[in-house]
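# Examining the three-dimensional arrangement
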Amino acid sequence: MTISEIQTDTCFWQRMLRLAEYYMGKVDGIMGPLTRAAEAKWLTAAQLAAKEYGTYDGRSEAVIATLLPQAQVLARKWMSAATKEAARQRVCVKLIEGTRSYKEQNRLYAKRPKVTNARGGSSWHNFGLAFDFGVFSEDGKKYYGESTLYKVLGNLATAIPGATWGGTWTSLVDEPHIQLSMFNTIKAAREAFEQ
Ligand SMILES: [Zn+2]
């Protein structure tokens with residue numbers, strides 16, 4: 001999803017702004033002055049992160065824009081390390097998936113054949129904290145779904161404070177997945193997000 005698509009779901013957007021600690025008002029689906037002020041703070045923080053930690057290809061930037069500014073910092077720090085390692089390995093790395101609203105998650109959940117087992121609120125991607133990366137050919141055109149480099153590149157996240165890498169999970173290893181360590185369980189994230 002793009003950030004513009006996310007913002008059209010005002011309640012979801014207000015929940016993201018609240019989790020980022022920019023919005024203290026009600027989740028009422030109305031773009032009032034408090035929501036607009038929170039949005040402005042979000043934007044300022046996002047611009048600061050871009051200035052401080054660098055910018056990347058268009059696809060990665062579109063993904064980063066959907067993350068909480070705190071997670072944007074993490075994504076940019078990781079991209080900084082990952083793009084250097086990718087160049088050494090003669091491949092290209094891009095972020096390919098960021099935040100999905102509950103509505104979007106439910107739309108995917110309803111798809112047949114099945115593409116996900118997670119309903120809205122049951123994926124780490126539903127709170128603005130998580131992103132997935134892809135390994136591509138050096139010219140950025142060909143996507144490699146399978147590569148030993150997922151382990152190498154994903155592992156770079158473990159050196160960043162406040163990052164959790166899906167490659168360290170024991171139940172469901174998810175090497176392309178990185179997130180901000182804000183909650184220990186999806187349930188805890190969902191409860192904080194929906195409160
Ligand atoms: Zn993921």
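Check the entry above for the structure.
Below is a summary of the structure that appears in this document. (Residues numbered from 1 in each chain as written. Predicted model: local features only at pLDDT ≥ 70, side-chain atom pairs only at ≥ 80, totals over all residues. Heavy atoms only, no water.)

### Considerations on the overall build of the protein
Of the regular secondary structure elements, the protein holds 8 helices and 5 strands. Order of helices (α) and strands (β) in the protein, N terminus to C terminus: α-α-α-α-α-β-α-β-β-α-β-β-α. The C-alpha atoms of the protein give a radius of gyration of 16 Å, which matches the 16 Å a tight globule of 195 residues would have. C-alpha atoms of the protein, sized along the principal axes, occupy 50 × 40 × 30 Å. Per element, the accessible surface of the protein, about 10,100 Å² overall, is 54% carbon and sulfur. (Helix = DSSP H or I, 4+ residues; strand = E, 2+ residues; numbered from the N terminus. Rg over C-alpha atoms; globule rule 2.2 N^0.38 Å. Areas by Shrake-Rupley, 256 points an atom, 1.4 Å probe, with all protein chains shown as cover.)

### Structural notes on the coordination of the zinc ion
Here the zinc ion is held by His125 (NE2), Asp132 (OD) and His177 (ND1), and the distances to it run 2.0 to 2.1 Å. Site description for the zinc ion: donor spacing in sequence, H-x6-D-x44-H. Taken together, the residues Asp132 in strand S2 (residues 130-137) and His177 in strand S5 (residues 177-180) connect sequence positions 45 residues apart. (Donors = N, O, S within 2.8 Å, 3.2 Å for Na, K, Ca; no water.)

### Structural notes on the packing of aromatic side chains
Here a ring pair, both rings aromatic, is described through the centre-centre distance and the interplanar angle of the planes. A full pass over the atoms with the stated rule returns 10 aromatic pairs. Ring centres of Tyr102 and Phe127 lie 6.4 Å apart, and the angle between their planes is 80 degrees; this geometry places the pair in the edge-to-face category. A residue pair is termed long-range when its members are at least 10 positions apart, and Tyr102 in helix H6 (residues 102-109) and Phe127 in the loop between H6 and S2 qualify at 25 residues. You'll find Tyr102 and Phe127 in the same group, each marked buried. Ring geometry for Phe136 against Tyr143: centres 5.4 Å apart, planes inclined by 55 degrees, an arrangement best described as tilted. Judged by its relative accessible area of 4%, Phe136 is buried. By relative accessible area, Tyr143 is classed as partly exposed at 44%. One aromatic cluster is present, formed by Phe12, Tyr102, Phe127 and Phe193 through successive ring pairs. Above the face of the Phe136 ring, Lys94 is positioned so that its terminal group lies 4.5 Å from the ring centre. (Phe/Tyr/Trp six-rings, centres within 6.5 Å; stacked < 30°, edge-to-face > 60°. Buried < 20%, exposed > 50% of the residue type's maximum accessible area, 1.4 Å probe, protein only. Lys NZ or Arg CZ within 6 Å of the ring centre and 35° of its normal.)

### Digging into H6
Within H6 the residues assigned to the buried category are Tyr102, Glu104, Gln105 and Leu108. For H6, the angular spread of the buried residues around the axis is 165 degrees, confining them to a single face. Packing partners of the buried residues in H6 comprise helix H2 (10-19) and helix H8 (186-194). (Arc of directions from axis to C-beta. Contact = heavy atoms within 4.5 Å.)

### Some words on the pattern of salt bridges
Going through the model one piece at a time under the given rule, you end up with 8 salt bridges. For the salt bridge of Arg100 with Glu97, the shortest nitrogen-to-oxygen distance reads 2.9 Å. What makes Arg100 buried here is its relative accessible area of 12%. Looking at Glu97, the relative accessible area reads 24%, which means it is partly exposed. Among the salt bridges present, the one from Arg107 reaches Glu104, with a minimum N-O distance of 3.0 Å. A residue pair is termed a helical-turn pair when its members lie 3 or 4 positions apart in one helix, as Arg107 and Glu104 do in helix H6 at 3 residues. Here Glu104 falls in the buried class, since its relative accessible area comes to 18%. (Salt bridge = Lys/Arg side-chain N within 4 Å of Asp/Glu carboxyl O.)

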